[in-house]
Amino acid sequence: MAEIDLMDKLVSLCKRRGFVFQSSEIYGGTGSVWDYGPLGVELKRAIKDAWWKAMVLERDDIEGLDAAILMHPRVWEASGHVEGFTDPLVECRECRRRFRADLPELEGGRCPVCGTPDAFGEPRLFNLMFKTFMGPVEDAASQVYLRPETAQGIYVNFLNVQTASRQKIPFGIAQIGKAFRNEITPGNFIFRTREFEQAEMQYFVEPGTDEEWFEYWKEARFQWHLSLGIRREKLRFHEHTPQELAHYAKKAVDIEYEFPFGWKEFEGIHNRTDFDLSRHQEYSGKRLEYIDAPANKRFIPYVIETSVGVDRTLLVVLADAYREEMVEGEERVVLSLKPALAPIKVAVFPLVKKDGLPEIAERIHKELRAAAVSSFYDDSGSIGRRYRRQDEAGTPWCVTVDGQTHQDGTVTIRDRDTLQQVRVPAEGVLKWVRERLA
Ligand code: ATP
């Protein structure tokens, strides 16, 4: 399968099966934002839950936070975003389309849309923050920004969280939330959009221990991606060269995935030093020091940041799970999602719509639902068709109630990946599934 093809196939599968829709599609769409449908919202939630579990629930040293999207405008002056959160932009003199100047397609100076040679002048800097107004007056004093990253909400709450939770350094603060960037050239489906979700964790450490903690988080985050079932050979680190380093970073490494359109970042781990807290201390006039009473020390902590895009991770998970294969002489499309991530865990089928089979199947289906194991009941079409529909949705197990169920009380459970079927007592289905989800 050509790699570029894979992207088209994924986009079409996502629409067909209700993972991802174009935003405002009936109005022609926006091209730069996407909506998550019934299966997509479950997959996204499962990814966020897995992150929250690993980063907050399983740890004593990380606290959660949910800061607001709108913040005091001075925050973005302190963070450097007002001045420096820019991309170079060029405009075609013929068709007036605008592009990010560093796009590889622009090499040679020809406009990739209308083909005009030598189409571009000097790039100018374009700020990526969305602006809006707070309150009824639209003047400069009421201008605010939609946050372009969730991190700043954590920094300004650093002392609130530390005091309330009585954490001692080293400790972290984690949050998942929306971020907005007015990207000049969004694209590649949900890879680069103007509204997206980030899962970020800022880990506050004593200066001097930062390099060690950087290595720790680099490794821990790589392991987390493996724990989602992503293939090892599709993941790699990319360390930023001094030219690539952001203004706040002492060191930065990306975790990249080999997407159908090439190796690209989907998580960044950054050593942000004391840049952010020092700047907020300076701009707010409030002390943001940590006091280590037993050691009789006070200092501004260094920050190790882990920042992953939820939407990009979802694209990684889908691209990594997508397979086309021949099964019993027929082609099937299957999403080999890790069961914990699958939007539907179990599908339940009566082999035929008679002889009391639907009643037994419905009982199993309801029992699963009541236990919060997402189950889908399907009695329409041939059993082969029903399997295919679930394969495409990434459902790991299909339960079929058949004639033998009346004789010995068992049903078959078919595994999505191995296609093997086992017979399990009808009352044992929930337990069987739970053991495999744990
Ligand atoms: P890029 O170089 O791709 O623009 P970045 O280096 O600006 O990304 P960061 O600011 O480090 O990205 O943001 C951390 C993570 O947030 C990224 O690794 C990515 O997963 C996600 N992210 C950033 N921008 C977008 C976007 N426009 N759409 C979707 N996700 C994004």
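Residues numbered from 1 in each chain as written. Predicted model: local features only at pLDDT ≥ 70, side-chain atom pairs only at ≥ 80, totals over all residues. Heavy atoms only, no water.

Novice: Where do I start with the site of the ligand in this structure?
Specialist: Close to the ligand lie 14 residues, the nearest being Glu183, Arg192, Thr193, Glu265 and Phe266. Phe191 places a polar main-chain atom, nitrogen or oxygen, 3.4 Å from a nitrogen atom of the ligand. A distance of 3.0 Å separates an oxygen atom of the ligand from a polar backbone atom of Gly309. Burial of the ligand by the protein chains amounts to 84% of its free accessible area of 590 Å². A breakdown of the residues in the shell around the ligand according to their chemical character gives three nonpolar, five polar and six charged. (Near = heavy atom within 4 Å. Polar contact = N/O pair within 3.5 Å; in protein donor to acceptor, adjacent residues only side chain to side chain. Areas by Shrake-Rupley, 256 points an atom, 1.4 Å probe, with all protein chains shown as cover. Nonpolar A, V, L, I, M, F, W, Y, C, P; charged D, E, K, R; others polar.)

Novice: I would appreciate a short explanation of the packing of aromatic side chains in the present structure.
Specialist: Aromatic ring pairs: the centre-centre distance and the angle between the two ring planes describe each pair. Within the structure shown, the criterion is met by 18 aromatic pairs. Consider the rings of Trp51 and Trp52, whose centres lie 6.3 Å apart with planes at 40°: the pair is tilted. Owing to a relative accessible area of 1%, Trp51 belongs among the buried residues under this scheme. Pairing Phe191 with Phe261 gives two aromatic rings, centres 5.3 Å apart and planes at 75°, and the pair type is edge-to-face. Highlighted residues: Phe191 in the loop between strand E9 (171-180) and strand E10 (195-205) and Phe261 in the loop between strand E12 (251-259) and strand E13 (262-273), separated in sequence by 70 residues. By relative accessible area, Phe191 is classed as buried at 5%. In this structure Phe261 comes out as buried when scored by relative accessible area, which is 18%. A connected cluster of aromatic rings, assembled from ring pairs, spans Phe191, Tyr257, Phe259 and Phe261. (Phe/Tyr/Trp six-rings, centres within 6.5 Å; stacked < 30°, edge-to-face > 60°. Buried < 20%, exposed > 50% of the residue type's maximum accessible area, 1.4 Å probe, protein only. Helix = DSSP H or I, 4+ residues; strand = E, 2+ residues; numbered from the N terminus.)

Novice: Help me understand the pattern of salt bridges, please; the structure alone is not making it clear to me.
Specialist: In this structure the tally under the stated criterion is 43 salt bridges. Among the salt bridges present, the one from Arg236 reaches Glu256, with a minimum N-O distance of 2.8 Å. Taken together, the residues span a long stretch of sequence, with Arg236 in strand E11 (residues 235-239) and Glu256 in strand E12 at a distance of 20 residues. Take Glu256: its relative accessible area is 8%, and that puts it in the buried class. One salt bridge in this structure joins Arg272 and Glu305, with 3.0 Å as the shortest N-O distance. Of this pair, Arg272 sits in strand E13 while Glu305 is found in strand E16 (residues 302-309), placing the two residues 33 residues apart along the sequence. On the basis of relative accessible area, Glu305 is assigned to the buried category, the value being 1%. Residues participating in the shared-partner salt-bridge network are Glu325, Glu330, Arg332, Arg388, Asp391 and Arg414. (Salt bridge = Lys/Arg side-chain N within 4 Å of Asp/Glu carboxyl O.)

Novice: What is the right way to look at the nonpolar core in this model?
Specialist: One finds Trp51, Trp217 and Leu315 to be the most contacted residues of the largest nonpolar core, which totals 58 residues. Residue contributions to this core peak at eight residues, all from helix H9 (residues 310-321). With near-sequence residues (within four places) excluded, Trp51 lies in contact with Val56, Ala174, Gln175, Ile176, Ala199, Glu200, Met201, Arg221, Trp224 and Val308. One finds Val346, Ala361, Val373 and Val411 within the second-largest nonpolar core, a separate group that totals 19 residues. (Core = buried A, V, L, I, M, F, W, Y, C linked by side-chain atoms within 4.5 Å. Contact = heavy atoms within 4.5 Å.)

Novice: Would you explain the sheet that holds strand E23 (residues 421-425) in this entry?
Specialist: Neighbouring strands of a sheet are bound in pairs by backbone hydrogen bonds; such pairs are parallel or else antiparallel. Spatially, five strands are ordered E20-E19-E21-E22-E23 in an open sheet, and the strand pairing comes out mixed. Looking along the sheet, the strands with just one partner apiece sit at the ends: strand E20 (375-377) and E23. Taken pair by pair, the neighbouring strands of this sheet meet at an average axis angle of 25°, ignoring direction. Of the strand pairs in this sheet, strand E19 (residues 346-350) and E20 are connected by three bridges, and their pairing is parallel. Note that in E20 the partner of Val348 across the bridge is Tyr377. Lying over the sheet, helix H10 (residues 357-370) contacts E19, E20, strand E21 (397-401) and strand E22 (410-415), oriented at roughly 165° with respect to E19. This element, helix H11 (residues 383-393), spans E19, E20, E21, E22 and E23 of the sheet and lies at about 170° to E19. (Pairing = 2+ DSSP bridges. Axes fitted to C-alpha atoms, helices over the stretch in contact; angles between N-to-C directions.)

Novice: Please explain the domain arrangement of the chain as it appears in this structure.
Specialist: A common way to report how large an interface is uses the accessible area buried once the components associate. If you check the domain split of the chain, you get domain 1 (3-71 + 148-318) and domain 2 (344-437). Distance from the C-alpha centre of domain 1 to the C-alpha centre of domain 2: 37 Å. Roughly 410 Å² is buried in total at the junction of domain 1 and domain 2, and carbon and sulfur atoms are behind 49% of that figure. If you look at where domain 1 meets domain 2, you find two salt bridges. Across the pair Arg16 and Glu392 runs a salt bridge whose closest N-O atoms are separated by 2.5 Å. The interface formed by domain 1 and domain 2 holds three residue pairs in polar contact (both at pLDDT 80 or more) in total. Looking at the side of domain 1 that touches domain 2 residue by residue, the class counts come to three nonpolar, no polar and two charged. (Domains from an automatic or database assignment. Buried area = accessible area lost by both parts, 1.4 Å probe.)

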